Amino acid sequence: MTTATTGTTSAAGAPVGRFGHLSARGANAPRSPRRPRRGEDELRALAAAGAAELGDDAPAEEVVAWAARAFPDSLAVACSMADAVLPHVIAARIPSVDVLFLETGYHFAETEGTRDAVAETMDVTVIDVLPELTVAEQDERYGQALHSRDPSRCCALRKVAPLARALSGYEAWATGLRREDAVTRTSTPLVGFDEAHRIVKINPLAAWSFDELLAYASEHGVVVNPLLADGYPSIGCEPCTARVAPGEDPRSGRWAGFTKTECGIHL
Ligand code: SF4
């Protein structure tokens, strides 16, 4: 049950949270590698070995057991706080594992509450990954509500670049990507080498359905964002996430009105 922050703070030193207001969260604590990272060739070989060992459909627990052997102290878990299933599955093998939350400053209050509940109740270290600019500073530099005019630029500033900086201290990251999420994700591997971040990418839940995810959360009492049951099967920043009617594409509420379908961290 630990919390930390990496990225932007206010002039007073406090983390800047929702819509540019000050957050009451932990003190700024930039992460740095615990030891020298292994070289890219070694990480590529590890990814290939893991993929060969696990195939396409190994159970999530086996994937995490492999990850715990390969990266016992150099794995980060990315979590959007739609639910905490992935952190729960991984923390069972790697207690106090680092959980990276992209604190864009634009999240729903329910998402912030889910983040706080995860930090308070689970054996993980939640790290708020902050952009270089606060929302107010971004408004000043790029004009008000950049997300409504150029969401790709906004995501690049508030999600893609901060995540890349945060991941530079790790050898591997785990994500909650699932193949049924979107047509662009149908071939998501359990393990692979992430060419964008030059580290190993692990997707333990890739083969899971949404119902399996909810069943796991229910069985294990895992924290779930209340918006999931309120018409938001895919949850991003508040200005860029709309309710979805039953039976519609779960991600159709993301960046409605734009051709954009991904924030960019998985491209
Ligand atoms: S999802 Fe919307 S508000 Fe959030 S970073 Fe992307 S464009 Fe900006």
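Here the structure is a predicted model, which is why all the values come from computation and not from measurement.

Caption draft 1: Structural view of the overall build of the protein. Helices and strands together make up the secondary structure of the protein, namely eight helices and seven strands. Residue pairs at least 24 apart in sequence account for 69% of intrachain contacts in the protein once pairs closer than 6 positions are excluded.

Caption draft 2: Quick look at the UniProt feature "binding site: [4Fe-4S] cluster" (unreviewed entry) in the protein. According to UniProt, the feature "binding site: [4Fe-4S] cluster" (unreviewed entry) maps to Cys154, Cys155, Cys237 and Cys240 in the numbering used here. In terms of the greatest pairwise C-alpha distance, the residues named above, spread along 87 residues, form a tight cluster of at most 11.0 Å across. As for its placement among the helices and strands, cysteine 154 is situated in helix H7 (residues 151-167). Once residues within four sequence positions are removed from consideration, cysteine 154 is found in contact with Leu146 and His147. Within the secondary structure, cysteine 240 sits in the segment after helix H8 (210-220). The class for cysteine 240 is buried, based on 21 C-beta atoms found within 10 Å. Not counting residues within four places of it along the chain, the set of residues in contact with cysteine 240 comprises His147, Pro151, Arg254 and Trp255.

Caption draft 3: Up close: the nonpolar core. Ranked by size, the top nonpolar core spans 65 residues in total, and within it Ala67, Leu75, Val77, Val99 and Leu100 carry the most contacts. It is helix H2 (residues 60-70) that contributes the most residues to this core, six residues altogether. Ignoring sequence-local partners within four residues, the contact set of valine 99 consists of Val77, Cys79, Pro87, Val118, Val124, Thr125, Val126 and Ile127.

Caption draft 4: Structural context of the pairing of strand S4 (residues 124-129). The element S4 is largely enclosed, with a buried count of six among its six residues. Here S4 shows a buried face lined by Val124, Val126 and Asp128 and a second buried face lined by Thr125, Ile127 and Val129. By the bridge criterion, six bridges tie strand S3 (residues 97-102) to S4 in an arrangement that is parallel. In the strand pairing of S4, aspartate 98 is matched with threonine 125. Read as a crossover between parallel neighbours, the route from S3 over helix H4 (residues 109-121) to S4 is right-handed.

Caption draft 5: Geometry of the site of the ligand. Inspection of the region around the ligand gives 13 residues, with Pro151, Cys154, Cys155, Cys237 and Cys240 positioned closest. By residue number, the principal contributor to the shell around the ligand is H7, which donates five residues. Taken together, the residues that form the shell around the ligand break down as eight nonpolar, three polar and two charged.

Caption draft 6: Geometry of unusual backbone geometry. Here the phi dihedral of alanine 145 falls at roughly 50°; this positive angle occurs in a residue that is not glycine. Its place among the elements puts alanine 145 in the loop between helix H5 (135-142) and helix H6 (146-149). Unusually for a residue other than glycine, arginine 198 sits at a positive phi of about 60°. Tracing the chain through its elements places arginine 198 in the loop between strand S6 (191-194) and strand S7 (199-202).

Caption draft 7: A look at the UniProt feature "active site" (unreviewed entry) in the protein. Mapped onto the present numbering, the UniProt feature "active site" (unreviewed entry) falls at Cys263. Counting through the fold element by element, cysteine 263 comes out in the segment after H8. What makes cysteine 263 buried here is the crowd of 24 C-beta atoms within 10 Å. Excluding its chain neighbours within four sequence positions, the residues that come into contact with cysteine 263 are Cys155, Lys159 and Gly236.

Caption draft 8: Representation of the confidence of the model for the protein. The share of residues in the protein with pLDDT of 70 or more is 87%, and the mean pLDDT across the chain is 87. Long-range and interchain partners of residues 26-30, a stretch whose pLDDT sits below 50, account for 11 contacts in this model, where long-range means more than four residues apart.

The rules we used
Residues numbered from 1 in each chain as written. Predicted model: local features only at pLDDT ≥ 70, side-chain atom pairs only at ≥ 80, totals over all residues. Helix = DSSP H or I, 4+ residues; strand = E, 2+ residues; numbered from the N terminus. Contact = placed C-beta atoms within 7 Å. UniProt positions renumbered as here; feature names shortened; annotations may be inferred. Buried ≥ 20, exposed ≤ 12 C-beta atoms within 10 Å, placed from the backbone. Core = buried A, V, L, I, M, F, W, Y, C linked by C-beta atoms within 7 Å. Pairing = 2+ DSSP bridges. Right-handed = clockwise from strand over helix to strand, strands pointing away. Near = placed C-beta within 6 Å. Nonpolar A, V, L, I, M, F, W, Y, C, P; charged D, E, K, R; others polar. pLDDT = per-residue confidence, 0-100.

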